[in-house]
Number of protein chains: 2
Amino acid sequence: MATILDVAREAGVGVGTVSRVLNGRERVAPGTRARVLAVIERLDYSPNLSARSLSRGRTEAICLLVPYLTSASVNARLQGVVEGLQSSGRETFLQIVDSVDQRDRAIASIVEGAKPAGLLVISLPLSDNVMACLREAEIATVGVDVALDGVPSVTVDDIEGGRLATRFLLDRGHRAVAFVGDLEDQPLGFRSSQNRRLGYLDALANAGIEQADEYVKSGPFGRASAHRLTRELLTLAHPPTAVFAASDVQAFGVLEAIRSDGLRVPEDVSVIGYDDIELAPYVGLTSVHQPLFESGQMGAGLLMARLRQEEVENVSLAVSVVERDTVAPL
Amino acid sequence: MATILDVAREAGVGVGTVSRVLNGRERVAPGTRARVLAVIERLDYSPNLSARSLSRGRTEAICLLVPYLTSASVNARLQGVVEGLQSSGRETFLQIVDSVDQRDRAIASIVEGAKPAGLLVISLPLSDNVMACLREAEIATVGVDVALDGVPSVTVDDIEGGRLATRFLLDRGHRAVAFVGDLEDQPLGFRSSQNRRLGYLDALANAGIEQADEYVKSGPFGRASAHRLTRELLTLAHPPTAVFAASDVQAFGVLEAIRSDGLRVPEDVSVIGYDDIELAPYVGLTSVHQPLFESGQMGAGLLMARLRQEEVENVSLAVSVVERDTVAPL
DNA sequence: GTTGAACGTGGAAGCGGTGCCACGCCCCGA
DNA sequence: TCGGGGCGTGGCACCGCTTCCACGTTCAAC
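Fair warning: this is a prediction, and the values are worked out from it, not measured in the lab.

When helices and strands are counted, chain A shows 13 helices and 12 strands. Computed over C-alpha atoms, the radius of gyration of chain A comes to 25 Å, more than 25% over the 20 Å expected from 2.2 N^0.38 for 330 residues, which places it beyond the range of a compact globule. In terms of its C-alpha atoms, chain A occupies a principal-axis envelope of roughly 90 × 35 × 35 Å. By the burial criterion, 52% of the 330 residues in chain A qualify as buried.

In total, this model carries 8 aromatic pairs over all chains according to the counting rule given. What links up through ring pairs into an aromatic cluster is the set Phe-179, Tyr-200, Phe-244 and Tyr-274 of chain A. Over the aromatic face of Phe-168 of chain A sits the side chain of Arg-172 of chain A, whose NZ or CZ is 3.6 Å from the ring centroid. A cation over an aromatic ring shows up here: Arg-196 of chain B above the ring of Tyr-274 of chain B, its NZ or CZ 3.7 Å from the ring centre.

With that out of the way, let us pick up the protein's contact with DNA strand D. Contacts to DNA strand D come from 27 residues, most closely from Ile-4 and Ser-55 of chain A together with Arg-20, Arg-27 and Thr-32 of chain B. Each atom of DNA strand D within 4 Å of the protein belongs either to a base or to sugar and phosphate, the latter forming 64%. Interatomic distance of 2.9 Å between a backbone N/O atom of Asn-48 of chain A and a phosphate oxygen of DNA strand D. Contact distances for DNA strand D include 2.5 Å between a sugar or linking oxygen and a side-chain N or O atom of Ser-55 of chain A. Mapped by element, the contributors of at least two residues to the surface near DNA strand D are helix H2 (15-22) and helix H4 (49-56) of chain A together with helix H2 (15-22) and helix H4 (49-56) of chain B.

A separate point is the nonpolar core. Core analysis: the largest hydrophobic core is formed by 134 residues, its most contacted members being Leu-64 of chain A together with Leu-64 of chain B. In this structure, Leu-64 of chain B is in contact with Leu-78, Val-81, Val-82, Leu-85, Thr-92, Phe-93, Leu-94, Gln-95 and Leu-120 of chain B, ignoring residues within four places of it in sequence. Counting 46 residues, the second-largest nonpolar core is a separate cluster that includes Cys-63, Val-121, Met-131 and Val-151 of chain A.

Bringing the interface of chain A and chain B into the picture now. Taken together, the contact pairs 26 residues of chain A with 26 residues of chain B. Taking both partners together, chain A and chain B bury about 2600 Å²; carbon and sulfur atoms supply 63% of that area. In this assembly, chain A and chain B are joined by 0 salt bridges. Between the two partners, chain A and chain B, sit 3 residue pairs in polar contact (both at pLDDT 80 or more).

As a further point, take the sheet that holds strand E12 (residues 320-322) of chain B. Residue and element names in this part refer to chain B. Read from one edge to the other, the open sheet built from 6 strands follows the order E7-E6-E8-E9-E10-E12, with strand pairing classed as mixed. Across the chains shown, the open sheet's two edge strands, defined by having one partner strand only, are strand E7 (216-219) and E12. Looking at each pair of strands side by side, their axes are set apart by 25 degrees on average, direction ignored. In this structure, strand E10 (residues 287-289) lies alongside E12, joined through 3 bridges in antiparallel fashion. Note on E12: the bridge partner recorded for His-289 is Ser-320.

Okay, the protein's contact with DNA strand C next. Taken together, 28 residues surround DNA strand C, and among them Arg-20 and Thr-32 of chain A together with Ile-4, Arg-25 and Ser-55 of chain B come closest. Among the atoms of DNA strand C lying within 4 Å of the protein, the sugar-phosphate backbone contributes 66%. Between a phosphate oxygen of DNA strand C and a main-chain N or O atom of Gly-14 of chain A, the distance comes to 2.6 Å. At a separation of 2.6 Å, a phosphate oxygen of DNA strand C approaches a polar backbone atom of Ile-4 of chain B. Going through the elements one at a time, H2 and H4 of chain A together with H2 and H4 of chain B are the ones with two or more residues in the surface near DNA strand C. The biggest single contributor to the surface near DNA strand C is H4 of chain B, with 5 residues. Its residues placed into classes, the surface near DNA strand C shows 10 nonpolar, 12 polar and 6 charged.

What counts, and at which threshold
- Residues numbered from 1 in each chain as written.
- Chains lettered and ligands numbered in written order.
- Predicted model: local features only at pLDDT ≥ 70, side-chain atom pairs only at ≥ 80, totals over all residues.
- Heavy atoms only, no water.
- Helix = DSSP H or I, 4+ residues; strand = E, 2+ residues; numbered from the N terminus.
- Rg over C-alpha atoms; globule rule 2.2 N^0.38 Å.
- Buried < 20%, exposed > 50% of the residue type's maximum accessible area, 1.4 Å probe, protein only.
- Phe/Tyr/Trp six-rings, centres within 6.5 Å; stacked < 30°, edge-to-face > 60°.
- Lys NZ or Arg CZ within 6 Å of the ring centre and 35° of its normal.
- Near = heavy atom within 4 Å.
- Polar contact = N/O pair within 3.5 Å; in protein donor to acceptor, adjacent residues only side chain to side chain.
- Core = buried A, V, L, I, M, F, W, Y, C linked by side-chain atoms within 4.5 Å.
- Contact = heavy atoms within 4.5 Å.
- Buried area = accessible area lost by both parts, 1.4 Å probe.
- Salt bridge = Lys/Arg side-chain N within 4 Å of Asp/Glu carboxyl O.
- Pairing = 2+ DSSP bridges.
- Axes fitted to C-alpha atoms, helices over the stretch in contact; angles between N-to-C directions.
- Nonpolar A, V, L, I, M, F, W, Y, C, P; charged D, E, K, R; others polar.

Here you go:
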């Protein structure tokens, strides 16, 4: 591999000049710049990243901070991010965080250790304290599916999504609409289920429906728990005629529970999910679609713009109901 | 952050000695070693990776070389890999490769640029030429779902899997068994569909069944293409009574095509898939299960062992048929 | 003609490690 | 007693880049 010294010698200039050309600094005569660029091209030179990091005291890389790779929606977003970042040519490394402890360790290693140029956070809220550290360390940060203090983000309005799903059921005559969601004291601070519930309550209130507390169920994320909660709903004196699940995975548990009770979907009970994950079309699940892949792509775009020192705005993506076979008019 | 010089001063030794302690070299008096380790602990020192890479001329990182993140099976393996690597504390970066061109660029950047300590390749065959370069560059390499020349790997026997799936159908009385798979001149050289077809043919031959060529269909990967191929099968003079799809995604296309013809699964036509992806249980698809996540974990284990200079053996994982609701006796 | 600011440039001092070389010491054999 | 071979160690050159300082040059202003 050629080094900066080879380039400098070959172009008949000093290493400082080559470095200035490399980094697009001013103060280089156009002719010199052209000559250096020609030599770089000819020698197929590319700077040694370790040396650059050492000298600059920071890394060129981009770090992706991601919770639960097993979650389908996080996964879809991640795919978008990776695709969007592909063209940047930067090293991209992955930090996966499944617990508060791992999160804190990951952040410590980012701020004090790797010092990447950019950080892209998916779905994981970070404290103001942490955000201050990141700003301090001059790490360009972007949030995807999470609003982070003082940095740009790509978000989807979960409250609006909850409203949309609920209105979809109300518009079809349902009045006894239940909600099945996550526990709301998430250690990692996820709020999507909570926000979707708020949207749900808001839509009901707007429709003038007095909501029975017994229609709002929450439990650990997953199919099994949703299954159990749904059985509870079905044994109520007045079981709901429709269920809004805070995620598609939970909706699958809801579907199972209804069917295992000998009831039919959507004839006896309607079900709407959220996320419109890849599985949804196979199962015919009506769901609230949010642009998962695109949110990742856009997040990558924001980060790359930030790294080019451009000013960027927050992006908010629209949600919509995808109608399939699990909701019927009452 | 403390540097090696701080440690050396604090411990009253030279930087060389600290470096030797750090790297577990011999030739350090036990007392000195203990003293240095104590200081390292006290100062919470950890070496600067950029400096180390620069000096050693190679990176500590591990690179993951992965095709098509969108593929469910690659994804599941990747999750296993990441989980398995989590404990190593090494930087892990991702190179995603969707075309021959990207593959070659990625390899060039690995061998000449980043020079990671380890490389874990998922499902992507590499030429002997490339393998020689990797050996030359002393990059510890491990294959997951691909056998790579001269390095350890975790593989699953696709031929055996094809046999298993086919025998499963034969054992239930089917004689007219069709195969729906991928095109076999994959630019990136994937051979799994081809191998599964070989297993299929072998099982038929062993059962003394003369195979009609018209029962073997191949097309681009994906649901739509499998759908189309299946319609062709169903219009044959003697349509098959069972279909073996080279992957679950293709099996979904097969299911759709059969049902859209007004036929029932499994009463009219049986279907068996391959991979047992997350979706399969939801749809009730009978499929050949291969331990995707585990293969990734084991691959990570092999790589970490190689990086500790341990000798390791190839691992071959077993496949098995998971019976659900899409296969019935003839 | 002198001054000095702005410009373009070369070069050296780091960045924080690694690894080699040289040095002093101790112990053993001649 | 002396020489020589380990052993344990300190220190310095070096990895390839950035960055800053200093040095000509040019040119406008006075």
